[in-house]
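If you want the building blocks of each chain, they are given just below.
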Amino acid sequence: MDKNIYMDNAAATRLDEKVMEAMKPFFFENYSIATSEFGYSMGIDAKNALDEARTFLAKSLGAENTEFIFTSGSAESSNLALKGVAKALGSKKGKHIIISKIEDFPVLYSAKTLEKEGFKIDYIDVDEFGFVNIEELENLITEETILVSIQHANQEIGTLQDIQKIGNLCWKKHTIFHTDATHSFTRVPLDVKDIPADLITVSAHTIHGPKGIGGLYIRKGTPIAKIMDGGFQEFNLRGGMDNIPGAVGFAKAVELVNDEENKRLQAMSNKIVEMIVAKIPEVTINGDKIKRLPQNTNISFHFVEGESITLHLDMYDIAVSTGSACFSRSLEASHVIAAIGGDHERAHGSIRFSLGRYNTMEEVEYVVETLADIIKKLRIISPLGKEKEV
Amino acid sequence: MSFPYNDIVLEHFKNPRNIGSIENPDGKAMEGSPACGDMVSLYLKVDPKTLIITDIKFESYGCASNIATGSIITELAKGKTIGEAKKITWKQASDALGGLPSIKVHCSVLAVESLRAAIQNYEEKHGLITEKVETTEEVIRKRLKKVMNPIKGLDMVTTNLVKEVSVKDGIVHISIDLPENHQFANAIKSDAIEKIETLWDVKEINIDFTE
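First, a word on what this report is: a plain description of the structure on this page. These figures come from a predicted structure and were not determined experimentally.

Rules used in this analysis
Residues numbered from 1 in each chain as written. Chains lettered and ligands numbered in written order. Predicted model: local features only at pLDDT ≥ 70, side-chain atom pairs only at ≥ 80, totals over all residues. Heavy atoms only, no water. Helix = DSSP H or I, 4+ residues; strand = E, 2+ residues; numbered from the N terminus. Rg over C-alpha atoms; globule rule 2.2 N^0.38 Å. Contact = heavy atoms within 4.5 Å. Areas by Shrake-Rupley, 256 points an atom, 1.4 Å probe, with all protein chains shown as cover. Lys, Arg positive; Asp, Glu negative; His and termini not counted. Charge placed at Lys NZ, Arg CZ, Asp CG, Glu CD. Buried < 20%, exposed > 50% of the residue type's maximum accessible area, 1.4 Å probe, protein only. Phe/Tyr/Trp six-rings, centres within 6.5 Å; stacked < 30°, edge-to-face > 60°. Lys NZ or Arg CZ within 6 Å of the ring centre and 35° of its normal. Salt bridge = Lys/Arg side-chain N within 4 Å of Asp/Glu carboxyl O.

## Looking at the overall build of chain A
Then, in step 1: A count of helical and extended segments in chain A gives 14 helices and 13 strands.
Then, in step 2: A compact globule built from 390 residues should have a C-alpha radius of gyration of about 21 Å, and chain A, at 22 Å, falls within 12% of that.
Then, in step 3: Its C-alpha atoms put chain A at 75 × 50 × 35 Å along the principal axes.
Then, in step 4: Across chain A, the fraction of contacts at a sequence separation of at least 24, relative to all contacts at a separation of at least 6, is 72%.
Then, in step 5: Surface accessibility of chain A: about 16,500 Å² in total, with carbon and sulfur atoms responsible for 53%.
Then, in step 6: When the 43 basic and 56 acidic side-chain charges of chain A are each reduced to a single mean position, those positions are 1 Å apart.

## Remarks on the overall build of chain B
Then, in step 1: In terms of regular secondary structure, chain B is built from 7 helices and 8 strands.
Then, in step 2: A compact globule built from 211 residues should have a C-alpha radius of gyration of about 17 Å, and chain B, at 18 Å, falls within 12% of that.
Then, in step 3: Projected onto its principal axes, the C-alpha coordinates of chain B cover approximately 55 × 40 × 30 Å.
Then, in step 4: Put simply, chain B has 211 residues, and 49% of those count as buried.
Then, in step 5: Of the contacts formed within chain B by residues at least 6 apart in sequence, a portion of 62% connects residues at least 24 apart.
Then, in step 6: As presented, chain B carries roughly 10,000 Å² of accessible surface, and 50% of it is formed by carbon and sulfur atoms.
Then, in step 7: Taking the average location of the 26 positive side-chain charges in chain B and that of its 31 negative ones, the two points are 4 Å from each other.

## Focus on the packing of aromatic side chains
Residues and elements named next belong to chain A.
Then, in step 1: Counted according to the given criterion, the structure contains 5 aromatic pairs over all chains.
Then, in step 2: For the pair Phe68 and Phe250, a centre-to-centre distance of 6.4 Å together with 55° between the ring planes defines the contact as tilted. With Phe68 in strand E2 (residues 68-71) and Phe250 in helix H9 (residues 244-256), this pair connects stretches of sequence that are 182 residues apart. The pair formed by Phe68 and Phe250 is uniform in burial state, with each residue classed as buried.
Then, in step 3: An aromatic cluster of at least three residues, connected via ring pairs, comprises Phe68, Phe70, Phe185 and Phe250.
Then, in step 4: Positioned above the aromatic ring of Tyr358 is the side chain of Arg14, whose terminal nitrogen or guanidinium carbon lies 4.3 Å from the ring centre.
Then, in step 5: A cation sits over an aromatic face here: Lys291 above Phe131, 5.7 Å from the ring centre.

## A short note on the side chain of Glu123(B)
Then, in step 1: With respect to the element layout, Glu123(B) can be found in helix H5 (residues 105-125).
Then, in step 2: Other than its neighbours up to four places away in sequence, Glu123(B) contacts Ile82(B), Lys86(B), Leu128(B) and Ile129(B).

## What to know about the pattern of salt bridges
Residue and element names in this part refer to chain A.
Then, in step 1: The tally for this structure, following the rule as stated, stands at 25 salt bridges over all chains.
Then, in step 2: For Arg54, the salt bridge goes to Glu234, with nearest N and O atoms at 2.6 Å. Here Arg54 is found in helix H3 (residues 41-60), whereas its partner Glu234 is found in helix H8 (residues 233-236), with 180 residues between them in sequence.
Then, in step 3: Overall, the relative accessible area of 5% leaves Arg54 in the buried class.
Then, in step 4: Judged by relative accessible area, Glu234 falls into the buried class, the value being 7%.
Then, in step 5: With a shortest N-O distance of 3.4 Å, Glu255 and Lys252 are connected by a salt bridge. Of the two residues, Glu255 and Lys252 both sit in helix H9, 3 residues apart, roughly one turn of that helix.

See the structure below:
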């Protein structure tokens, strides 16, 4: 292979040229802010572009355009969802919030921050496939519960939660339901006419859109307070300069995803699993086999450590990520693998392959072939998994 | 390309020296644990007359710096007497590799510890411990910190598997907080015996389980 093979699309994606083309005029020609309808024409044009992008994105979720606000990305969206609801309801309804143990860091650490501020947080368990225990959830919701935040798809192992069931339960108990759909948006159907969610986090960076733009769906009437002060942008829910090129690029990125592409990603993911199982012994496939993201595969290679695997792959210009402590900024092993009952070794040896538009079947084959050699080499030098006493 | 390690580290990572194990080694040790994500096993052949390390092999479960320091430490120790090899510091190992990222220095400590432990193992087996420290409860607990609890991937002391330790007239008694028919009971027991039986004044080891 004479080019980089990038399989870390859950972290960030290559921008699609068509997205760039759509954004370009808003850098060089129509670069003004969005003015009110009584502003100057350039500003009105900018406002119209922003509104159009908003309407398109809202529609893609089955929502009204007044129910979708732009943010700087999924981290901000989830911060706003949790802290905004806490601020709006904390002194009125109660101080209890429920999240799952496998949430991504924006939800997890927003909850931890609120915990320090006096909120009571329950971290709900998941089973070995990563599914939230809905019965436990039902028992945990009280009259004081102001918010349940459970992701749509997991960032590491790709498991899809039954958010319809979870949302119904929350609504039955008059509790607001937020779901982080950063990794599922456009890859898996998500329509707010079917899914009883009040708040949904989405982002452009996972779907070949620009970095630095995301959105939060806010169902009409949901109590939420702003956490970013500024002008009166985003229905006065998020102050700050409108990111018009970003918004336009985000809409274009969503427009470019289609079923055919998602099926192609699924076929490549299936191929990864099929080839690895055939070629490499002693592996564990993490997450559910069926209810999962089409673009995600997560596999633990026993007796070897993830950073060694990723560094070897890097030398072949292949980029993937691992749940190993050595790879993470905090030197902590994956909290997701731990929550599904995996031991440390399973977390350290886990590799995530997250695919995108620019991956090919040829790349998949090359990556697995290369990986099989690397695992073999690392197992030769590993003291683990050998029938001998040390 | 901007790799997180320098060229020397990468070279040792790609082509580690002295990989493998030695049949009937004169000294051996295993340091670290899967929980920490780092483990090094080390095996020695020592010439009994000159006390020179004639062969040394290692195995590594860990990140690139773990593999590279295991490799360099075997190179540094080979051909040295056990006395000289004991004095090799993690700083020397790290320097020989052209430096490690500060967050990874603990990996070089692990490699040095495993070398020292393997030498100590040799000395104990061959009656070369000159300062004969009396085996106390504390000494036993220190040894047991090197026995892994496979349930947790951490050592058996940290994970509270050691319920009781007593030493009297060379007879060591250990209570392990596990049912006797537990899946890992035998593995833990034999591992613990292996770590303690080399102590010079230990005559007998009794291990029982709490249930």
